[in-house]
Amino acid sequence: MRRTIRATPPASPATEQTGFNIVIGRVLLAAILAGIAAGLVMGVIQHVRLTPLIIQAETFEAAEAPAVAADPSAAAANMPAGQTHDHGATPGTAPAGAEHHHDPEAWAPQDGLERTFYTTLTAMLAGAGFALLLVGVSFGAGIPITRDNGLIWGLCGFIAVSLAPAFSLPPELPGTAAASLPARQAWWLATIAATAIAIWLAATRRSPVMLLAAALLVVLPHAIGAPQVPPVDTPLPAAVQGEFVAASLGASFVLWLLIGFFLSITLNPAREKSA
Amino acid sequence: MTTAVQTRSLSFTQRMAAGLSALFLGSFIIFGVGMASDARLHNAAHDTRHATGFPCH
């Protein structure tokens, strides 16, 4: 915000340009604040409900590590158990681990307060990122996020970004079997894009052809199928995995509803003053 | 300056510029939090990636 220029008399081209930048700045700020607020709540839910399950899964993952110590490709096998979080060390992740191996020397937050801090921080960043994307879609499509439709916007975000990908690629705990990461990321992004376009079609078009196209776009990624590996035995109890998937979707649901709700407030501050 | 950031009060150019800025910045942040393979970024965001259903590892 450049106050000195804002104070200059209107009608000069420079002022118009500044007004333009202020508008963009306010939109971005409104999105970031709404996303941070929603992400903070997400961070609390993670701390209470999700991170304990992740830590529980990591104990199974670490317990598995010595089993592959004889494998020279398992570079992290000599790390102390419990401290490592090496993704190539679990037999279940071997297809991914062979090509996707994290540097065990790299910085990682210490368990406890530091880990909670970074998890909450990144949850707030994720909230801000998602809120910015939702605002970008709203502005691009010319459908404003208002006080009346904020929750619906949030619901659409949840369906496109969380629910649709999870249908074929459920949220995973560390140490569960998974196909190659780039393939899953590509499928994940494509599914989000296809579902988002489908929601946009369904919301703005009424012709049967367009609605059929929307339905096809929703189904197509799942008909193609997410990258999978054959199921392998993992020491992680299925009940824990099921609990994690349900809690993750529930948390994402809250995150997205709050993003929509907070955006409806931060993007529309004037109505409160006039009404 | 009490300009409300309401989409309906913005010109088309303003709307598109603001929308594209939001998409660009949002994509940048989501890539960093959710998809970047840098080990430090991965480790910092690890629990959030799992919790929000990003494909993690």
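Residues numbered from 1 in each chain as written. Chains lettered and ligands numbered in written order. Predicted model: local features only at pLDDT ≥ 70, side-chain atom pairs only at ≥ 80, totals over all residues.

### A word on the overall build of chain B
Note the cut-off: Helix and strand assignments come from DSSP, with helices taken as H or I runs of at least 4 residues and strands as E runs of at least 2, each series counted from the N terminus. Between the buried cut of 20 or more and the exposed cut of 12 or fewer other C-beta atoms within 10 Å of a residue's own C-beta lies the partly exposed class, and all C-beta atoms are placed from the backbone.
Along chain B, the regular secondary structure elements total 2 helices and 0 strands. Taken across its 57 residues, chain B has 51% of its residues classed as buried.

### Section: helix H6 (residues 181–204) of chain A
For clarity, the threshold we go by: In this analysis, the expected span of each helix is defined as 1.5 Å times one less than the number of residues it contains.
Across its 24 residues, H6(A) extends 34 Å between first and last C-alpha, which sits within 8% of the 34 Å expected from 1.5 Å per residue. Inspection of H6(A) places Leu181(A), Arg184(A), Trp187(A), Trp188(A), Thr191(A), Ala194(A), Thr195(A), Ala196(A), Ala198(A) and Ile199(A) among the buried residues, and these make up the whole buried set.

### Observations concerning the confidence of the model for chain A
All names here are of chain A. For clarity, the cut-off: The predictor's confidence in any single residue is recorded as pLDDT, a number from 0 to 100. We call two residues in contact when their backbone-placed C-beta atoms lie within 7 Å.
For chain A, the average pLDDT comes to 83, and 78% of its residues sit at 70 or higher. In this model residues 67–101 is a low-confidence stretch, pLDDT under 50, and it forms 70 contacts with partners more than four residues away in sequence or in other chains. Counting interchain partners and residues more than four positions distant, the pLDDT-below-50 stretch residues 271–275 has 1 contact.

### Brief notes about the nonpolar core
Threshold: Nonpolar cores are built from buried Ala, Val, Leu, Ile, Met, Phe, Trp, Tyr and Cys residues. These are joined into a set through C-beta atoms within 7 Å.
One finds Ala31(A), Ala131(A), Leu132(A), Val135(A), Ile259(A) and Leu263(A) to be the most contacted residues of the largest nonpolar core, which totals 61 residues. Within the residue set of this core, elements represented by two or more residues are helix H2 (13–64), helix H4 (113–141), helix H5 (150–168), H6, helix H7 (208–224) and helix H8 (238–266) of chain A together with helix H1 (12–35) and helix H2 (39–51) of chain B. Not counting residues within four places of it along the chain, the set of residues in contact with Ala31(A) comprises Ala131(A), Leu132(A), Val135(A), Leu263(A) and Ala22(B).

### Brief notes about the environment of Leu181(A)
Residues and elements named next belong to chain A. Residue placement: Leu 181 occurs in helix H6. Using a count of 20 C-beta atoms within 10 Å as the deciding quantity, one classes Leu 181 as buried. With 48 residues separating them in the primary sequence, Leu 181 and Val 229 have C-alpha atoms 12 Å apart.

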